[in-house]
Amino acid sequence: FSINPVEWKIKIYQNFIGITTGLGLEWNSYRLRNLDYAMAFNADSTFGVKPTNPGVNKSKFRTTYINAPFLLEFNTSRYRKNNFHIAAGVVIGWKIRTMYKQRYRDEGKHKDKTYGNWNVQSFRFNAMVRLGYGGLNLFATYGLNPLFRDGAGPKLHQFSAGITIIGW
């Protein structure tokens, strides 16, 4: 889930070509499927361990970023209505929080939350493409650098795709 409350469009050629930038917040939630392992970390690595809590029924990892997009956009019209548009570029993200949550049953319901660095990269660079017509917009992003620092965890690249709710 992300929200960009601050967005600027810099016109290069009327409304047909421009640069979109701004600031936003993004929350990523990764639900871990294999409940036989829990996440753990130390100063130099993130790894899986056997959970100490019996009856684990949910394991989730979350990250929060402040984002700044830099996208080159092209529009077929000066006006939003009946306008086909495409944009591509990079979104730079600064990690402000990471959290791991585990829910389990042991003589009642329990929830453990652990906040920390988790060896997640402080900055990330995502390639982004946005495509739309009128008020309907689709997007896709792909992480150009891995989620975790080199050698400090699994080599994972973030990918997301979806629909934007508020128009172009």
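Note: the structure precedes this text.
Note that the coordinates shown come from a computational prediction; the quantities given were computed from them, not determined experimentally.

## Remarks on the nonpolar core
Counting nine residues, the largest nonpolar core is built from Ala38, Met39, Phe61, Tyr65, Tyr100, Trp118, Val120, Leu147 and Phe148. Within the residue set of this core, elements represented by two or more residues are strand E3 (38–41) and strand E5 (56–75). The contacts of Phe148, once residues within four sequence positions are left out, are Met39, Thr46, Phe61, Trp118, Asn119, Val120, Gln121, Gly153, Pro154 and Leu156.

## Describing unusual backbone geometry
Most peptide bonds take the trans form, and the phi angle of most residues other than glycine is negative. Within the chain, Glu107 stands out as a residue other than glycine whose phi angle is a positive 55 degrees. Relative to the elements of secondary structure, Glu107 occurs in the loop between strand E6 (84–105) and strand E7 (109–115). The phi dihedral of Asn119 is positive, around 60 degrees, even though this residue is not glycine. Along the chain, Asn119 turns up in the loop between E7 and strand E8 (123–133).

## Notes on the environment of Ala40
Checked against the element boundaries, Ala40 lands in strand E3. Placed 99 residues apart in sequence, Ala40 and Phe139 show a C-alpha to C-alpha distance of 33 Å. Leave out the neighbours within four places in its chain, and Ala40 touches Ser45, Thr46, Phe47, Val49 and Trp118.

## What about the packing of aromatic side chains?
One pass over the full model with this rule turns up seven aromatic pairs. Pairwise contacts between aromatic rings join Tyr30, Phe41, Phe61, Tyr100, Trp118 and Phe148 into one cluster. Sitting above the plane of the Tyr37 ring, Lys50 keeps its charged end 4.9 Å from the centroid. Its end group placed over the ring of Tyr65, Arg124 keeps NZ or CZ at 3.7 Å from the ring centre.

## Let's talk about the pattern of salt bridges
Counted by the stated rule, this structure contains one salt bridge. Here Arg124 and Glu26 are joined by a salt bridge, their closest N and O atoms 2.6 Å apart. Taken as a pair, Arg124 in strand E8 and Glu26 in strand E2 (residues 17–31) lie far apart in primary sequence, 98 residues in all. The same class applies to Arg124 as to Glu26, namely buried.

Calculation rules
- Residues numbered from 1 in each chain as written.
- Predicted model: local features only at pLDDT ≥ 70, side-chain atom pairs only at ≥ 80, totals over all residues.
- Heavy atoms only, no water.
- Core = buried A, V, L, I, M, F, W, Y, C linked by side-chain atoms within 4.5 Å.
- Buried < 20%, exposed > 50% of the residue type's maximum accessible area, 1.4 Å probe, protein only.
- Helix = DSSP H or I, 4+ residues; strand = E, 2+ residues; numbered from the N terminus.
- Contact = heavy atoms within 4.5 Å.
- Phe/Tyr/Trp six-rings, centres within 6.5 Å; stacked < 30°, edge-to-face > 60°.
- Lys NZ or Arg CZ within 6 Å of the ring centre and 35° of its normal.
- Salt bridge = Lys/Arg side-chain N within 4 Å of Asp/Glu carboxyl O.

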